[in-house]
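So the chains spell out like this:
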Amino acid sequence: MSEFWIGSAVLLCVACGFVLFPLLRTKAQKGRSEVEELEERRRQNVVIFKQRKAELDAELANGTLNKTEYQRLFEDLEASLLEDARSLEENRGQLTSTDSRTSLLAGFVCVFLVAGASYGLYFKLGSYEKVLQSQAMRFDAEELEQARQAAVQGDMEGLLTQLHEKLKAAPDNLEGWMLLARTAMNVEKYDLAIEGLNQVIKGMKRSGEGTAPVYGLLAQAHYFAAGSVMTPNARQALDSAMKQDPQDTNALGLLAIDAYTSENYTQAINYWQTLLQIEPEHPAKTSIQSGITRAQQLAGIEADVSAWPSDNPHKVQGEEGQQAEVVVKVSVAPELSDKLNKNDLVFIFARSPDGPPMPLAASKHRISELPVSVTLNDDKAMSPMVKLSQVERADIVARVSKSGEPLPQPGDLQGRIDNVDVFDGKIIDLVIDTQL
């Protein structure tokens, strides 16, 4: 914060200079003018004295005055001159002293008013708190190097931790909290995403902004954090979103997914169709259309695929006749065998490199089954909106969960192969060789 105080002090000095310079200059000019007037009066008194003395000398020479009268009048004239001179000198000293004190007092008053008014108005109407937060959000050289190393190593968790620590000192930085939340969602750090979204909601409420879309995202974070289960927290966030905006697309999308997984296919269809009516060019339009068609099939409703555009949800990517399918042979590195229990769960899944955190296809096993060969395809999709056939490439992950939960935890074991062509048809070998 020293930069703020130094900068504001310099600006304040400049501002005071603009006020004091004309004031003191005017006072000085006025003082000089009055002193010059006193000097002129003194000179005039001397001239008058000389003229009167000359007249007395003439009258003495002409015999109009005798010496006694001349001496008395001259002494009176001389006394008058001395009295005038003494009076003018006193006035001059008093004038100089008064002007100096007045100028000094005026200067102090101006400085006090300018400084007091400037800082007072700034702290009341300015952005001091934002300055503090901006300072807190700065990364020093060491932190920047740590961030660079984390980025090189692909350590998103390390980058999120750094950002999170900075944001703790900047609770009103809504853009930063939203960035943290979305990034945390993508890497399945749902607790961090929930914290970030709650901070955004608090800030938006203070400024009177609508929070429906953020509540929709918060509901998704709670939902995925619980393993795709509609918990009370997720339901509460959904209700808050729908109460503000019954057409919030984040909330409608989650309601559709939850209805589908609960086998309420008709309800899921209604939610998805409403979503597309609200936002015809939704970024996940193809996935939503695919979900509607799949739900119609499961509900025994004839699917009218002709209503969809040319990007028909039944048309997979890749060449004709190819299916999205990845065969994975999963094993564990020998050096990690002593860290395993035969009852530990193993989650094997495919995930879009740039898409949502929900797996495109997933399969669950136990350590006792390894090595195992698993086929990941659309039949193993967790949602009709998120399927393997919707991407060309995917990251394949096998994770040994010590907690029994699909979300990664410290101590879990993992292996992964990124950027796998899902239409290639090759069998890949995936070795679990890393401890989280």
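Residues numbered from 1 in each chain as written. Predicted model: local features only at pLDDT ≥ 70, side-chain atom pairs only at ≥ 80, totals over all residues. Heavy atoms only, no water.

Draft legend 1. Fine view of the nonpolar core. Trp272 and Ile396 are the most contacted members of the largest nonpolar core, which has 79 residues in total. Residues Phe49, Leu56, Leu65 and Phe74 belong to the second largest nonpolar core, which totals 6 residues. (Core = buried A, V, L, I, M, F, W, Y, C linked by side-chain atoms within 4.5 Å. Buried < 20%, exposed > 50% of the residue type's maximum accessible area, 1.4 Å probe, protein only.)

Draft legend 2. Inspection of the packing of aromatic side chains at higher detail. Using the criterion set out here, one finds 4 aromatic pairs in the structure. Where Tyr260 meets Tyr265, the ring centres are 5.4 Å apart and the plane angle is 70°; that geometry is what we call edge-to-face. You'll find Tyr260 and Tyr265 in the same group, each marked buried. Grouping aromatic residues by their ring pairs yields a cluster made of Tyr190, Tyr223 and Phe224. (Phe/Tyr/Trp six-rings, centres within 6.5 Å; stacked < 30°, edge-to-face > 60°.)

Draft legend 3. Main features of the sheet that holds strand 4 (residues 372-377). In space, the 3 strands of this open sheet follow the order 4-1-7, with mixed pairing throughout. Of all strands in the sheet, those bounded by a partner on one side alone are strand 4 and strand 7 (427-432). On average, adjacent strands in this sheet sit at an angle of 30° to one another, irrespective of strand direction. The pairing of strand 1 (residues 325-332) with strand 7 spans 6 bridges and is parallel. Bridge pairing in strand 7 links Val332 to Ile432. (Pairing = 2+ DSSP bridges. Helix = DSSP H or I, 4+ residues; strand = E, 2+ residues; numbered from the N terminus. Axes fitted to C-alpha atoms, helices over the stretch in contact; angles between N-to-C directions.)

Draft legend 4. Up close: helix 6 (residues 174-186). With 13 residues, helix 6 extends 18 Å from end C-alpha to end C-alpha; this agrees with the ideal 18 Å at 1.5 Å per step. Among the residues of helix 6, those classed as buried are Leu174, Gly176, Trp177, Met178, Leu180, Ala181, Thr183, Ala184 and Met185. Once helix 6 finishes, Glu188 follows within two positions and takes phi at roughly 65°, a positive value. (Expected span 1.5 Å × (residues − 1).)

Draft legend 5. Examining the packing of helix 11 (residues 265-278) against helix 12 (residues 285-298) more closely. Their axes nearest at 9 Å, the elements helix 11 and helix 12 cross at an angle of 155°. Taken together, the axis directions place helix 11 and helix 12 in an arrangement best described as roughly antiparallel. The element helix 11 and its partner helix 12 pack so that their crossing is left-handed. Across the interface between the two elements, Tyr265, Ile269, Trp272, Gln273, Leu275 and Leu276 from helix 11 touch Lys285, Ile288, Gln289, Gly291, Ile292, Ala295, Gln296 and Leu298 from helix 12. Residue composition of the contact of helix 11 with helix 12, by class: 9 nonpolar, 4 polar and 1 charged. (Parallel < 35°, antiparallel > 145°, perpendicular 65-115°, else oblique. Left-handed = near helix turned anticlockwise from the far one by under 90°. Contact = heavy atoms within 4.5 Å. Nonpolar A, V, L, I, M, F, W, Y, C, P; charged D, E, K, R; others polar.)

Draft legend 6. Region of the structure containing the sheet that holds strand 6 (residues 413-421). Taken in spatial order, the 5 strands line up as 3-2-5-6-8 in an open sheet, and their pairing is antiparallel. On the outer flanks of this sheet lie strand 3 (361-366) and strand 8 (434-435), each paired with one strand and no other. Pairing of strand 2 (residues 345-351) with strand 5 (residues 393-401) involves 7 bridges; the strand directions are antiparallel. Bridge pairing in strand 5 links Arg351 to Asp395.

Draft legend 7. Representation of the environment of Glu188 within the structure. With respect to the helices and strands, the residue Glu188 is situated in the loop between helix 6 and helix 7 (190-206). The spacing of Glu188 and Pro406 is 218 residues in sequence and 9.7 Å in space, taken between C-alpha atoms.

Draft legend 8. Expanded view of unusual backbone geometry. With an omega dihedral of -5°, the bond running from Leu370 to Pro371 counts as a cis peptide bond. Mapped onto the elements of the fold, Pro371 is located in the loop between strand 3 and strand 4. The phi angle at Glu263 is positive, at roughly 65°, despite the residue not being glycine. Its location among the elements puts Glu263 in the loop between helix 10 (249-261) and helix 11.

Read these as spatial facts, not as claims about activity.
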